[in-house]
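As a plain string of letters, each chain reads:
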Amino acid sequence: IVASFRNEGFYVNRVETGRRREKLFQVRKNQTFITMKATYNLIEFSCKAKDSIFINTLAYETICDLENTMHQLQKTIDSKALGKKIFAKETTTISLENKMINIISPEAVKVNLQSRDKKSAIEEMVELIIESGQLSKEKRNDIIKALLEREETMSTGMEYGIAIPHIKTDTVNSIVCALGIKKEGIDFQSLDNKKSKIFVMILSPSEAIAPHIKFMADVTQLLTDPHRRQELLNAKSKKELFKAFTKNNI
């Protein structure tokens, strides 16, 4: 979790408490200040209410990454290759302003997805990213495979009819986003067991230090507004859908 905060550009300072089994951290970035206390069986956060979605998203993604790592380790047979990755130091950096209009292409939106199940929905969204010129066709199968493996670890079907399939990948140099609508809904194994109707796919650079989780949290916060969700579902054209998703973020 500390590493995730630092990857999001936060400064993390550990504070001595005098208690051997308790760790206290002060986390800050600009006007955001968070306190994290960790014991052997509990992690507690203290923050402003407006930052709670970001923290929940960061914790959720950290757990998913940990589970995925354990899953991959179970399948690993090339220990030398794994060892090399431990000492890899080369990284690239990118800068990002968290405004939807700076991320999503007007061509990467679709009013009526044709898919009827999770696998085909992921495939259709990847095709949308390719057609918008944000991903080469040669990378299609690799991206789909990675997204499906991510879903096996933990579904990205959230609540309120929202699904946010996402991965980190070395096939992109900056955050790539696509938006699709399926009014009838698709079973995405969501947290509330309801069908997903709004799909936001996010591909982020795997090696870059960038606000990947912050962007996901921004998308989540944007879609917690029921009026915004209804506008997206009511859109009759790509232009209307793009405008509903990016308004107030220009």
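Conventions used here
- Residues numbered from 1 in each chain as written.
- Predicted model: local features only at pLDDT ≥ 70, side-chain atom pairs only at ≥ 80, totals over all residues.
- Heavy atoms only, no water.
- pLDDT = per-residue confidence, 0-100.
- Contact = heavy atoms within 4.5 Å.
- Salt bridge = Lys/Arg side-chain N within 4 Å of Asp/Glu carboxyl O.
- Buried < 20%, exposed > 50% of the residue type's maximum accessible area, 1.4 Å probe, protein only.
- Helix = DSSP H or I, 4+ residues; strand = E, 2+ residues; numbered from the N terminus.
- Pairing = 2+ DSSP bridges.
- Core = buried A, V, L, I, M, F, W, Y, C linked by side-chain atoms within 4.5 Å.
- Axes fitted to C-alpha atoms, helices over the stretch in contact; angles between N-to-C directions.
- Phe/Tyr/Trp six-rings, centres within 6.5 Å; stacked < 30°, edge-to-face > 60°.

1. A short note on the confidence of the model for the protein
Per-chain confidence: the protein averages 85 in pLDDT, with 87% of residues scoring 70 or above. pLDDT under 50 marks residues 86-98. Its contacts with residues more than four places away, or in other chains, come to 21 contacts.

2. Focus on the pattern of salt bridges
Tallied over the entire structure, the rule returns 12 salt bridges. Across the pair lysine 37 and glutamate 44 runs a salt bridge, and its minimum N-O distance is 3.5 Å. Taking relative accessible area as the criterion, lysine 37 reaches 30% and is therefore assigned partly exposed. Judged by its relative accessible area of 37%, glutamate 44 is partly exposed. With a closest N to O distance of 2.9 Å, lysine 118 and glutamate 151 form a salt bridge.

3. Looking at the pairing of strand S9 (residues 196-205)
Within S9, 9 of the 10 residues are buried, which leaves it mostly tucked inside the rest of the structure. Judged from the 2 bridges that link them, strand S6 (residues 162-163) and S9 form a sheet pairing that is parallel. By the bridge assignment for S9, isoleucine 162 is matched with isoleucine 198. The sheet contact formed by strand S8 (residues 176-186) and S9 spans 7 bridges and is antiparallel. Across the sheet, residue glycine 180 finds its bridge partner in S9, namely phenylalanine 199.

4. Let's talk about the environment of isoleucine 122
Summarising the element assignment, isoleucine 122 is placed in helix H5 (residues 118-131). Isoleucine 122 sits in the buried class, given a relative accessible area of 1%. Separated by 43 residues in sequence, isoleucine 122 and proline 165 place their C-alpha atoms 7.6 Å apart. Each residue touching isoleucine 122, except ones within four places of it in the same chain, is listed here: Leu147, Leu148, Glu151, Phe188 and Met201.

5. A look at the nonpolar core
Counting 49 residues, the largest nonpolar core has Val126, Leu179, Leu203, Leu232 and Phe245 as its most contacted members. One finds Val12, Phe25, Phe54 and Leu58 within the second-largest nonpolar core, a separate group that totals 13 residues.

6. A short note on the sheet that holds strand S4 (residues 43-46)
With antiparallel pairing, 4 strands are arranged side by side in an open sheet as S1-S2-S3-S4. Each end of this open sheet is capped by a strand with a single partner; those strands are strand S1 (11-15) and S4. Shown here is a sheet whose adjacent strand axes are inclined to one another by a mean of 20°, direction ignored. When strand S3 (residues 32-38) meets S4, the two strands line up antiparallel, connected through 4 bridges. The residue of S4 that forms the bridge with methionine 36 is phenylalanine 45.

7. Overview of unusual backbone geometry
Note: most residues except glycine have negative phi, and most peptide bonds are trans. One non-glycine residue, asparagine 30, lies in the positive phi region at around 55°. Residue position: asparagine 30 is located in the loop between strand S2 (23-29) and S3. Taking relative accessible area as the criterion, asparagine 30 reaches 72% and is therefore assigned exposed. Located in the positive-phi region is tyrosine 160, a residue other than glycine, with phi close to 60°. Relative to the assigned elements, tyrosine 160 resides in the loop between helix H6 (140-153) and S6.

8. Considerations on the packing of aromatic side chains
For the coordinates displayed, the defined rule picks out 5 aromatic pairs. Relative to phenylalanine 54, the ring of phenylalanine 10 has its centre 5.4 Å away and its plane inclined at 20°; by these criteria the two rings are stacked. With phenylalanine 10 in the loop between helix H1 (2-7) and S1 and phenylalanine 54 in helix H2 (residues 52-75), this residue pair connects regions lying 44 residues apart in the sequence. Exposure remark for phenylalanine 10: the relative accessible area of 10% places this residue in the buried category. For phenylalanine 54, a relative accessible area of 8% corresponds to the buried category. The interplanar angle of 65° and the centroid separation of 5.5 Å between the aromatic rings of phenylalanine 188 and phenylalanine 199 together place this pair among those described as edge-to-face. On the criterion of sequence distance, the pair formed by phenylalanine 188 in the loop between S8 and S9 and phenylalanine 199 in strand S9 is long-range, its members being 11 residues apart.

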